[in-house]
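# Structure assessment
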Amino acid sequence: MQKIPLDLAAPGMKLAKPVTKSDGLVLVGAGVELTTTIISRFRASGVQSLTVQGRPVDLGDDGGNDLERIAGRLDHLFRKHGQDRFMTTLRNMLRRFFAERIAAAKAAEEAEAAAIAAAAEAAREEAEAQAAQNRISLVDDEPDGMPARPEMADGNGASRENGR
């Protein structure tokens, strides 16, 4: 999931979150694939950014996750509160929170990749099964002893070559 400026949105990207106007009105729900028409309507509605599935745009952040970046900064953010028990407890709670969120995000990405791979495999198997069924039906349509192409046989049932 990646939040991108509307100017970087391209047809074919899928929304990870609903797109709303500044007043909270939902324009398009999550999971919708972007088209040029939808993107132009977002511009007309004043939408500035949107959240898409995956990380389709390189924003120069080395592909890092915002949660990982924030979790990595916790020690720096709490550096002045090393002796305060409350702040130490809060920092530890935030570490656990971000660790759980990072793990959940990675699991969701892996599940999405696995679902895409499974769908591709199912489509491949279905295509192979359909191709096999087509081959079987062509063979089954021929009566025993009859050639596959009747125009290739003479009146006595013997095969002959084209043009003779």
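Note that the structure is a prediction, hence the values are computed from the model and not measured.

Analysis parameters
- In this convention, every chain numbers its residues from 1, walking through the sequence in written order.
- Only residues with pLDDT of at least 70 get local features here, since the model is predicted, and only at 80 or more are side-chain atom pairs given and counted; chain-wide, interface and lining totals rely on the full set of residues.
- Side-chain metrics in this entry use all non-hydrogen atoms of the structure; hydrogen atoms and water are not considered.
- The numbering of helices and of strands both runs from the N terminus, where a helix is a DSSP run of H or I of at least 4 residues and a strand a run of E of at least 2.
- Buried, partly exposed and exposed residues are distinguished by accessible area as a fraction of the type maximum, computed with a 1.4 Å probe on protein chains only: under 20%, between the cut-offs, and over 50%, respectively.
- Contacts were defined at the residue level, with two residues in contact if any of their heavy atoms lie within 4.5 Å.
- Areas reported as accessible are Shrake-Rupley estimates using a 1.4 Å probe. Residue values count occlusion only from the protein chains shown.
- Patch definition: residues above 30% relative accessible area lacking any salt bridge, with like charges linked at up to 9 Å and the nonpolar side chains Val, Leu, Ile, Met, Phe, Trp and Tyr linked at up to 5 Å.
- For this analysis, a salt bridge means a side-chain nitrogen from Lys or Arg found within 4 Å of a carboxyl oxygen belonging to Asp or Glu.
- Charge convention: Lys and Arg are scored as positive, Asp and Glu as negative, and His as well as the terminal groups of each chain are ignored.
- Note that the charge is assigned to NZ on lysines, CZ on arginines, CG on aspartates and CD on glutamates.
- Two rings from Phe, Tyr or Trp (for Trp, the six-membered ring) form a pair when their centres are within 6.5 Å of each other. A pair whose planes differ by under 30 degrees is stacked, one over 60 is edge-to-face, and the rest are tilted.

### Describing the overall build of the chain
- From N to C terminus, the chain includes three helices and four strands.
- For the chain, the α and β elements follow one another from N to C terminus as β-β-β-α-β-α-α.
- Residues classed as buried in the chain amount to 15% of the 164 residues present.
- Across the chain, contacts joining residues at least 24 apart in sequence account for 51% of those joining residues at least 6 apart.
- Carbon and sulfur atoms make up 53% of the accessible area of the chain, which totals about 12100 Å².

### Topic: a positive patch on the surface
- The grouping of Arg 69, Arg 73, Arg 79 and Lys 80 at the surface amounts to a positive patch.
- Secondary-structure assignment places Arg 73 in helix α2 (residues 66-77).

### Structural notes on the packing of aromatic side chains
- For the structure on display, the rule yields one aromatic pair.
- Look at Phe 97 and Phe 98: their rings are 5.2 Å apart centre to centre, the planes differ by 70 degrees, and that puts the pair in the edge-to-face class.
- Given a relative accessible area of 10%, Phe 98 falls into the buried group.

### Let's talk about the pattern of salt bridges
- Scanning the entire structure with this criterion turns up three salt bridges.
- With a closest N to O distance of 2.2 Å, Arg 95 and Asp 75 form a salt bridge. Taken as a pair, Arg 95 in helix α3 (residues 85-140) and Asp 75 in helix α2 lie far apart in primary sequence, 20 residues in all.
- Judged by its relative accessible area of 44%, Asp 75 falls in the partly exposed class.
- Linking Glu 121 and Arg 124 is a salt bridge whose minimum nitrogen-to-oxygen distance equals 2.4 Å. Pair noted here: Glu 121 and Arg 124 are both in helix α3, with a separation of three residues, about one helical turn.

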